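Chain and residue survey
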Amino acid sequence: AQSVAQPEDQVNVAEGNPLTVKCTYSVSGNPYLFWYVQYPNRGLQFLLKYITGDNLVKGSYGFEAEFNKSQTSFHLKKPSALVSDSALYFCAVRDIDSSASKIIFGSGTRLSIRP
Amino acid sequence: NAGVTQTPKFRVLKTGQSMTLLCAQDMNHEYMYWYRQDPGMGLRLIHYSVGEGTTAKGEVPDGYNVSRLKKQNFLLGLESAAPSQTSVYFCASSTRRQDLYEQYFGPGTRLTVT
């Protein structure tokens, strides 16, 4: 079965510093991986995805993610954090046993950027 | 485009009461989903639909029913609410194009069952 793990419940970073939110995956076959962001009292918004190709994927709001097959990781990164990046971040993976574009979400990591 | 909308935004129910949550999307998406979000557990799929008139169970379907009579609408029903169903409910939709896969989410419904 496919799954993703987000080992950190919370990540705290000072504004202007680089940030990393970690995600590891477990899939059979080639993974389709995603990052979503949830701002307070809002639904989830798509940030970026990896399907194939370049291991460094660029997404919305200056975020990027690095796919690492040997480490089965898909960490979310940003070179310089903003206070407005504070939100809940979810890593997700395609459910390859499904024909309905189902995806499986991690438990989420709360990112807090201090001024 | 409104995207994905959900009604109501908030609701408080007493144990045993029933209610229906409505999800509507204007993107002509084939697939629609209902999730619940609980602290520390991410999003869990309740039911989903691959097209008008079809529904299927997700990871946590017990206590819920769904219907998709029109392509743009997906209803989630609670026949007899229980405190364990206190949660935030999200609807999402996606195209069936396999190269896209992104899901688009509504703003959520916060349900409290007392």
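That block above? That's the structure.
Residues numbered from 1 in each chain as written. Chains lettered and ligands numbered in written order. Predicted model: local features only at pLDDT ≥ 70, side-chain atom pairs only at ≥ 80, totals over all residues. Heavy atoms only, no water.

**Some points on the overall build of chain A**
Definition in use: Only DSSP runs of H or I with at least four residues qualify as helices, and only runs of E with at least two residues qualify as strands; both kinds are numbered from the N terminus onward. Within these notes, the globule rule equals 2.2 Å times the number of residues to the 0.38 power, and the radius of gyration is based on C-alpha atoms. For every residue, the accessible area obtained with a 1.4 Å probe (protein chains only) is divided by the maximum for its type, and the residue is called buried under 20%, exposed over 50%, and partly exposed between those limits.
Helix and strand counts for chain A stand at 0 helices and 12 strands. The order of helices and strands in chain A, counted from the N terminus, is β-β-β-β-β-β-β-β-β-β-β-β. Taking 2.2 N^0.38 as the reference for a compact globule, 115 residues should give roughly 13 Å; the C-alpha atoms of chain A span a radius of gyration of 14 Å, in line with that estimate. Along the first, second and third principal axes, the C-alpha atoms of chain A reach 45 × 30 × 25 Å. Within chain A, buried positions represent 50% of all 115 residues.

**Thoughts on unusual backbone geometry**
Geometrically, the link from B:Thr7 to B:Pro8 is a cis peptide bond, its omega value of -5 degrees lying close to zero. Structurally, the position occupied by B:Pro8 is in the loop between strand 1 (4-7) and strand 2 (10-13). In the Ramachandran plot, A:Thr72 falls in the positive-phi region, its phi being about 45 degrees despite a non-glycine side chain. Residue position: A:Thr72 is located in the loop between strand 8 (64-68) and strand 9 (73-78). For A:Thr72, a relative accessible area of 31% gives the class partly exposed.

**Quick word on the interface of chain A and chain B**
A common measure of how large an interface is: the accessible area buried when the components associate. Using the following cut-off: Only heavy atoms matter for contacts: two residues are in contact if any of them lie within 4.5 Å across the pair. Any Lys or Arg side-chain nitrogen found within 4 Å of a carboxyl oxygen on Asp or Glu counts as a salt bridge. In protein, a polar contact means a hydrogen-donor-capable atom and an acceptor-capable atom, both N or O and within 3.5 Å, with residues adjacent in sequence counting only if both atoms are side-chain atoms; elsewhere, any N or O pair within 3.5 Å suffices.
Across the contact, 23 residues belong to chain A and 24 residues belong to chain B. Taken together, the links from chain A to chain B amount to 1 salt bridge. The partner of A:Lys49 in a salt bridge is B:Glu102, with the nearest N and O atoms 3.1 Å apart. Summed over the shared surface of chain A and chain B, the number is 3 residue pairs in polar contact (both at pLDDT 80 or more). Counting only elements with at least two residues in the side of chain A that touches chain B, the list comes to strand 5 (33-38), strand 6 (44-50), strand 10 (87-94) and strand 11 (103-105) of chain A.

**Quick notes on the pairing of strand 4 (residues 31-37) of chain B**
All names here are of chain B. Rules: A pair of strands is treated as paired once DSSP finds two or more bridges between them.
Where burial is concerned, most of strand 4 is hidden: 7 out of the 7 residues are buried. Side-chain alternation along strand 4 places Tyr31, Tyr33, Tyr35 and Gln37 on one buried face and Met32, Trp34 and Arg36 on a second face that is also buried. Where strand 4 meets strand 9 (residues 87-94), 7 bridges bridge the pair, whose relative direction is antiparallel. Counterpart to Tyr35 in the pairing with strand 9 is Phe90. Hairpin connection between strand 4 and strand 5 (residues 43-51): a loop of 5 residues separates the two successive antiparallel strands, and Gly40 in this loop has a positive phi of roughly 75 degrees.

**Some details on the state of the cysteines**
Residues and elements named next belong to chain A. Note the following rule: Note on terminology: disulfide denotes any pair of cysteine sulfur atoms within 2.5 Å.
Under the counting rule described, the total for this entry stands at 2 disulfides over all chains. Between the sulfur atoms of Cys23 and its disulfide partner Cys91 the distance amounts to 2.0 Å. Across the S-S bond of Cys23 and Cys91 the torsion is about -65 degrees, and the bridge reads as left-handed. Remark: Cys91 occurs in strand 10 and Cys23 occurs in the loop between strand 3 (19-21) and strand 4 (24-26); sequence separation between them is 68 residues. Summarising the burial analysis for this pair, Cys23 and Cys91 share the class buried.

**Some remarks on the nonpolar core**
To be explicit about the condition: In this text, buried Ala, Val, Leu, Ile, Met, Phe, Trp, Tyr and Cys residues form a nonpolar core when linked through side-chain atoms within 4.5 Å.
A:Leu19, A:Trp35, A:Leu47, A:Leu48, A:Phe74, A:Leu76 and A:Tyr89 are the most contacted members of the largest nonpolar core, which has 27 residues in total. Where this core is concerned, the elements lending two or more residues are strand 2 (10-14), strand 3, strand 5, strand 6, strand 8, strand 9, strand 10 and strand 12 (109-114) of chain A. When residues of this core are assigned to their parent elements, the largest contribution, 4 residues, is made by strand 10 of chain A. In this structure, A:Ala100, B:Leu43, B:Tyr48 and B:Phe90 belong to the second largest nonpolar core, which totals 22 residues.

**Considering the sheet that holds strand 8 (residues 73-78) of chain B**
All names here are of chain B. The condition is simple: Axis definition: a line fitted to C-alpha atoms, limited for helices to the stretch in contact. Angles are taken between N-to-C directions and run from 0 to 180 degrees.
Sheet architecture is open: 4 strands sit in the order 1-3-8-7, paired in antiparallel fashion. Since the sheet does not close on itself, it has two edges, and those belong to strand 1 and strand 7 (65-67), each with one partner. Sheet twist, expressed as the mean angle between neighbouring strand axes with direction ignored, is 20 degrees. Relative to strand 8, strand 7 is paired through 3 bridges, and the arrangement is antiparallel. Residue pairing for strand 8: Ser67 is matched across the bridge by Leu75.

**Things to note about the packing of aromatic side chains**
Selection rule: Aromatic pairs are defined between Phe, Tyr and Trp rings, using the six-membered ring for Trp, whenever the two ring centres lie within 6.5 Å; interplanar angles under 30 degrees are classed as stacked, those over 60 as edge-to-face, and all others as tilted. Here, over-ring charges are defined by two tests on the NZ atom of lysine or the CZ atom of arginine: distance to the ring centre within 6 Å, and angle to the ring normal within 35 degrees.
In this structure the tally under the stated criterion is 14 aromatic pairs over all chains. Ring geometry for A:Tyr50 versus A:Phe67: centroids 4.1 Å apart, planes at 15 degrees, classification stacked. Taken together, the residues A:Tyr50 in strand 6 and A:Phe67 in strand 8 connect sequence positions 17 residues apart. In this structure A:Phe67 comes out as buried when scored by relative accessible area, which is 6%. A centroid spacing of 5.6 Å and a plane angle of 35 degrees characterise the contact between B:Tyr35 and B:Phe105, whose relative ring orientation is tilted. Placement of B:Tyr35 in strand 4 and of B:Phe105 in strand 10 (residues 104-105) is noted, with a sequence separation of 70 residues between them. Here B:Tyr35 and B:Phe105 have matching classes, each one buried. Three or more aromatic residues joined by ring pairs make a cluster, and in this case those are A:Phe34, A:Tyr36, A:Phe46, A:Phe90, A:Phe105, B:Tyr33, B:Tyr35 and B:Phe105. Just above the ring of A:Tyr32 sits the side chain of A:Arg94; from NZ or CZ to the centre is 3.8 Å.

Treat this as a map of the structure, not an account of what it does.
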